[in-house]
There are 2 protein chains.
Amino acid sequence: MTAVSIREVAPRDGLQNEEPIAADDKVRLIDALSGTGVRRIEAVSFVHPKAIPQMADADDVWARAWHNPDVRYSALIPNKRGAERAIAAGFGEIEVVVSASDTHNRRNLNRSTDETLDEITAMIPLVHASGATLEVIVATSFGCPFEGDIDPDRVASIVERVRADGADRTAFGDTTGMATPRRVRDLLSSVRPELLHFHNTRGTGLANVLTALELGVREFDASVGGIGGCPYAPGASGNIATEELVHMLEDMGITTGVDLESLLDVAAMAEKMLGRTLPSGVLRAGPRTRLV
Amino acid sequence: MTAVSIREVAPRDGLQNEEPIAADDKVRLIDALSGTGVRRIEAVSFVHPKAIPQMADADDVWARAWHNPDVRYSALIPNKRGAERAIAAGFGEIEVVVSASDTHNRRNLNRSTDETLDEITAMIPLVHASGATLEVIVATSFGCPFEGDIDPDRVASIVERVRADGADRTAFGDTTGMATPRRVRDLLSSVRPELLHFHNTRGTGLANVLTALELGVREFDASVGGIGGCPYAPGASGNIATEELVHMLEDMGITTGVDLESLLDVAAMAEKMLGRTLPSGVLRAGPRTRLV
């Protein structure tokens, strides 16, 4: 293996789980990330401002942010209305979430998994007509905080359905950090998505990546500085820190395109912006190559 | 694989890298850990109180701590005088450190690696005469903060020498968290110790364990709550948190003997004792099996 594709999700997934910050700061974060060599950035989500106030200024932020032609930018949307907004804003890559756990889907989207799948089915022609692609993110793929373990067959059947409906890509979300090397192996033996979104909530983030690499996955989400927190507890880590992922992969001889020192500058900037110590070991200690 | 042996190092390695706490609290910590099912505990070190004030009360702590007959307790010593104290205190398992990096050994012990190896050679008959075993921990095995990468052949030659001299066991220390899955693979392809002591300084702690498991190592150090800090930066994590290790291993069907809930109680107690938030995801979020 020679390359891994990282999608930087701090501007959307990260900030959505932090205290709101100013639009100017969001633009600064996207612009700084766009200059690190990272090839994909999840920039904003088009959601109802009452549901997610952190993303209320998505149109404004995206209009002012650097659109680096070497970077692929994506937007997350919850429904048809969001898809229309993302298309109008010019996004070529759109993501939508469905939860493998019916309970979680109802809590998150106020409808059943099957109902959300029907909406996705209806959404795909709309997205394709604009020339954009649709990625379906299957949340709680590695476990649900309400239902517990999720049968890999259930995840596989969702993937099968959305692929048949024309979805361009699938991703598995480790929504509350329940993935472990064992669960990654169990699920990926049944069905393999294009991309994996792991959390580091229980310390297994990079161990999960290592397992998934062995099983052939080559695309991963990560968030600079580990921005994104944890749904359970303040101070706990949520997303994998991009610099920890890059640090491990590049040491293995796997190319990410990301310049680690530039990324660490962005992590330090983000830490000041958010006003809290971010859960990133490589930000604290520096890369292993930085000697005394 | 069905079992892994964990050595709990919080009472010694962990506390040595924290602000000093009272002897009573150290006894409480050892006693609580002794009841978790963990089979080995590094209890104290016999070092000069001026060098390591945190361990100045080692004799007192050990005299008052529970000596659970189902637990193997060990002591770390820096020299012959320390070995004599450990033997007098009744320890059956003694550990000594030598650094693979000459620069690090000089900074740490004020002599060359070869000089320390000569001292170890002289110490082995003394330890054996008491009926105890001697484990040689090779520090900076995965990299030195002054010299950078360490040639695996250098580590291998140290292991070869101490084994020839009669050392009972060897361990590799990831002294400043420079181990990565790639470095673990590189070193263990040349030489395999009985035990590995990883840090989680740069987020790779459990990924390193996973790699080492694949390569046949079955013994690991870990510290409840991740107690131990990081030599570089306050707030950064040093040792692997024992509960994160147990959580990952037991999920893989690998037996550790440790009762995770008991261990989490000890971690919560240790957090209060030290008065700082410990870097343990499983302590924050609970095990993946703990549902809402």
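It should be noted that the structure appears before, not after, this text.
Residues numbered from 1 in each chain as written. Chains lettered and ligands numbered in written order. Predicted model: local features only at pLDDT ≥ 70, side-chain atom pairs only at ≥ 80, totals over all residues. Heavy atoms only, no water.

1. Topic: the overall build of chain A
Here is the rule we go by: Think of it this way: any DSSP run of H or I at least four residues long counts as a helix, any run of E at least two long counts as a strand, and we number them from the N terminus. Any residue under 20% of the maximum accessible area for its type is buried, any over 50% is exposed, and the rest in between are partly exposed; the area is computed with a 1.4 Å probe on protein chains only. Whether two residues touch is decided by their heavy atoms; if any such pair falls within 4.5 Å, the residues are in contact. In short, Shrake-Rupley with a 1.4 Å probe defines the accessible areas, and a residue's cover is counted only from the protein chains shown.
Of regular secondary structure, chain A possesses 12 helices and eight strands. C-alpha extents for chain A along the principal axes are approximately 55 × 40 × 35 Å. Here chain A holds 292 residues, and the buried ones make up 61% of them. Taking the contacts inside chain A whose residues are at least 6 apart along the sequence as the reference set, 72% of them involve residues at least 24 apart. In the form shown here, chain A has an accessible surface area of approximately 10,600 Å², with 48% of it arising from carbon and sulfur atoms.

2. Comments concerning the packing of aromatic side chains
The line we're drawing: Centres within 6.5 Å make a pair out of two Phe, Tyr or Trp rings, where for Trp the six-membered ring is used; the pair is then stacked when the planes are under 30 degrees apart, edge-to-face when over 60, and tilted otherwise. Here, over-ring charges are defined by two tests on the NZ atom of lysine or the CZ atom of arginine: distance to the ring centre within 6 Å, and angle to the ring normal within 35 degrees.
The tally for this structure, following the rule as stated, stands at 11 aromatic pairs over all chains. Among the aromatic residues, ring-to-ring pairing joins Phe46, Trp62, Tyr73 and Phe91 of chain A into one connected group. One Lys or Arg, Arg107 of chain B, reaches over the ring of Phe146 of chain B and ends 4.3 Å from the middle of that ring.

3. Quick notes on the nonpolar core
Selection criterion: In plain words, nonpolar cores are sets of buried Ala, Val, Leu, Ile, Met, Phe, Trp, Tyr and Cys residues tied together by side-chain atoms within 4.5 Å.
Counting 176 residues, the largest nonpolar core has Phe172, Phe198 and Phe220 of chain A together with Phe172, Phe198 and Phe220 of chain B as its most contacted members. The residues contacting Phe220 of chain B, other than those within four sequence positions of it, are Val4, Ser5, Ile6, Arg7, Leu195, Leu196, Phe198, Val209, Ala212, Leu213 and Leu245 of chain B. Counting residues in each nonpolar core, the second largest holds six residues, with Val97, Ala139, Ala171 and Leu195 of chain A among its members.

4. Some points on the relation of the copies chain B and chain A
Let me state the cut-off plainly: Least-squares superposition aligns the copies on the C-alpha atoms of those residues with pLDDT at or above 70 in both.
Mapping chain B onto chain A leaves a residual RMSD of 0.0 Å; the transformation is a rotation of 180° accompanied by 0.0 Å of translation along its axis. Taken together, the rotation and translation describe the operation of a two-fold axis. In terms of C-alpha distance to the rotation axis, chain B has Ala207 of chain B as its closest residue, with the C-alpha 2.0 Å off the axis. The fraction of interface residues of chain B whose copies in chain A are also interface residues reaches 100%, indicating that both copies meet through the same surface.

5. With respect to the layout of surface pockets
The criterion, for reference: The method works on a 1 Å grid over the protein atoms by themselves. A cavity is a set of points holding a 1.4 Å probe that cannot get out, a pocket is an open set with protein on both sides within 12 Å along at least five of seven lines, and residues with an atom within 4 Å of a point line them. Grid points are joined across faces, edges and corners, and a volume is the space filled by probe spheres set on the points. Three residue categories are used. Nonpolar comprises Ala, Val, Leu, Ile, Met, Phe, Trp, Tyr, Cys and Pro, charged comprises Asp, Glu, Lys and Arg, and polar comprises the others, including Gly.
Quantified by volume, the largest pocket comes out at close to 1,300 Å³. In terms of lining, the largest pocket is formed by 49 residues, of which the most central are Arg12, Gln16, Ile52, Leu76 and Asn108 of chain B. A total of four residues in the lining of the largest pocket trace back to one element, the largest contributor, which is helix 5 (residues 102–109) of chain B. Per-class residue counts for the lining of the largest pocket are 19 nonpolar, 17 polar and 13 charged. Lining the second largest pocket are 44 residues, and of these Arg12, Gln16, Ile52, Leu76 and Asn108 of chain A lie nearest its centre. Of all elements in the fold, only helix 1 (10–16), strand 3 (72–77), helix 4 (80–88), helix 5 (102–109), helix 6 (113–129) and strand 5 (133–139) of chain A reach the threshold of two or more residues within the lining of the second largest pocket. When grouped by side-chain class, the residues that make up the lining of the second largest pocket number 18 nonpolar, 16 polar and 10 charged.

6. Some thoughts on the packing of helix 4 (residues 80–88) of chain B against helix 6 (residues 113–129) of chain B
Residues and elements named next belong to chain B. Defined as follows: Axis geometry follows a simple rule: fit a line to the C-alpha atoms, using only the stretch in contact for helices, then measure angles between N-to-C directions, giving values from 0 to 180 degrees. Between 65 and 115 degrees an angle is taken as roughly perpendicular, under 35 as roughly parallel, over 145 as roughly antiparallel, and anywhere else as oblique.
With their axes 10 Å apart at the nearest point, helix 4 and helix 6 run at an angle of 10° to one another. On the basis of the axis angle, helix 4 is roughly parallel to helix 6. Contacts from Lys80, Ala83, Glu84 and Ile87 in helix 4 reach Met123, Leu126 and Val127 in helix 6. Here the contact of helix 4 with helix 6 is composed, by residue class, of five nonpolar, no polar and two charged.

7. Here's the deal with the interface of chain B and chain A
A common way to report how large an interface is uses the accessible area buried once the components associate. Our working rule: Defined in terms of a 1.4 Å probe, buried area is the accessible area two parts forfeit on being brought together, summed over both. Salt bridge, as used here: a side-chain nitrogen of Lys or Arg that lies within 4 Å of a carboxyl oxygen of Asp or Glu. Polar contacts, as used here, are pairs of N or O atoms within 3.5 Å; protein pairs need one atom able to donate a hydrogen and one able to accept it. Residues neighboring in sequence count only if both atoms are side-chain atoms.
Across the boundary between the two partners, chain B contributes 39 residues, which contact 39 residues of chain A. Summing both sides of the interface, chain B and chain A together bury roughly 3,100 Å²; the carbon and sulfur share of this comes to 60%. The interface formed by chain B and chain A holds four salt bridges in total. A salt bridge links Asp149 of chain B to Arg288 of chain A; the nearest nitrogen and oxygen atoms lie 2.9 Å apart. In this assembly, chain B and chain A are joined by 18 residue pairs in polar contact (both at pLDDT 80 or more). At the level of secondary structure, the elements contributing two or more residues to the side of chain B that touches chain A comprise helix 8 (181–190), helix 9 (205–214), helix 10 (242–251) and helix 12 (281–285) of chain B. Among the elements that line the side of chain B that touches chain A, the one with the most residues is helix 9 of chain B, at five residues. Tallied by class, residues from the side of chain B that touches chain A come to 20 nonpolar, nine polar and 10 charged.

8. Considering helix 5 of chain B
All names here are of chain B. Quick reminder of the rule: What the arc describes is the spread of directions from the helix axis to the C-beta atoms.
Considered for burial, the residues of helix 5 that qualify are His104, Asn105 and Leu109. Mapping the buried residues of helix 5 onto a view down its axis gives an arc of 100°, with all of them on the same face. Asn110, located one to two residues past helix 5, shows a positive phi value of around 65°.

9. Here we look at the pairing of strand 6 (residues 169–173) of chain B
Residues and elements named next belong to chain B. Formally: What makes two strands pair is DSSP finding at least two bridges between them. A clockwise path from the first strand over the helix to the second, with the strands pointing away from the viewer, defines a right-handed crossover.
By the criterion of burial, strand 6 is predominantly enclosed, with five of the five residues buried. Residue alternation in strand 6 divides its side chains into two sets, Arg169, Ala171 and Gly173 and Thr170 and Phe172, and both sets are buried. In this sheet, strand 6 lies alongside strand 5 (residues 133–139) in parallel orientation, the contact comprising four bridges. Its bridge partner lying in strand 6, Val136 is registered against Thr170. Across three bridges, the pairing between strand 6 and strand 7 (residues 195–197) is parallel. Bridge assignment links Ala171 to a residue of strand 7, and that residue is Leu195. Handedness of the β-α-β unit built from strand 6, helix 8 and strand 7 comes out right-handed.

10. Quick word on the environment of His197 of chain A
Residues and elements named next belong to chain A. Position of His197 among the secondary structure elements: in strand 7 (residues 195–197). A relative accessible area of 9% means that His197 is categorised as buried. In this structure, the C-alpha to C-alpha distance between His197 and Ala139, residues 58 residues apart in sequence, is 9.2 Å. At 2.7 Å, the side chain of His197 and the side chain of Asp221 are in polar contact.

11. Some thoughts on unusual backbone geometry
All names here are of chain A. Of note, Asn110 is a non-glycine position whose phi angle comes to about 65°, a positive value. One can find Asn110 in the loop between helix 5 and helix 6. Positive phi outside glycine occurs at Thr140, with the angle close to 55°. The residue Thr140 is located in the loop between strand 5 and helix 7 (152–164) in this model. Residue class for Thr140 comes out buried when judged on its relative accessible area of 0%.

12. A short note on the environment of Ala132 of chain A
Counting through the fold element by element, Ala132 of chain A comes out in the loop between helix 6 and strand 5. Linking Ala132 of chain A and Ala86 of chain A, residues 46 residues apart in sequence, is a C-alpha distance of 9.6 Å.

Function cannot be inferred from these measures alone, as they are strictly geometric.
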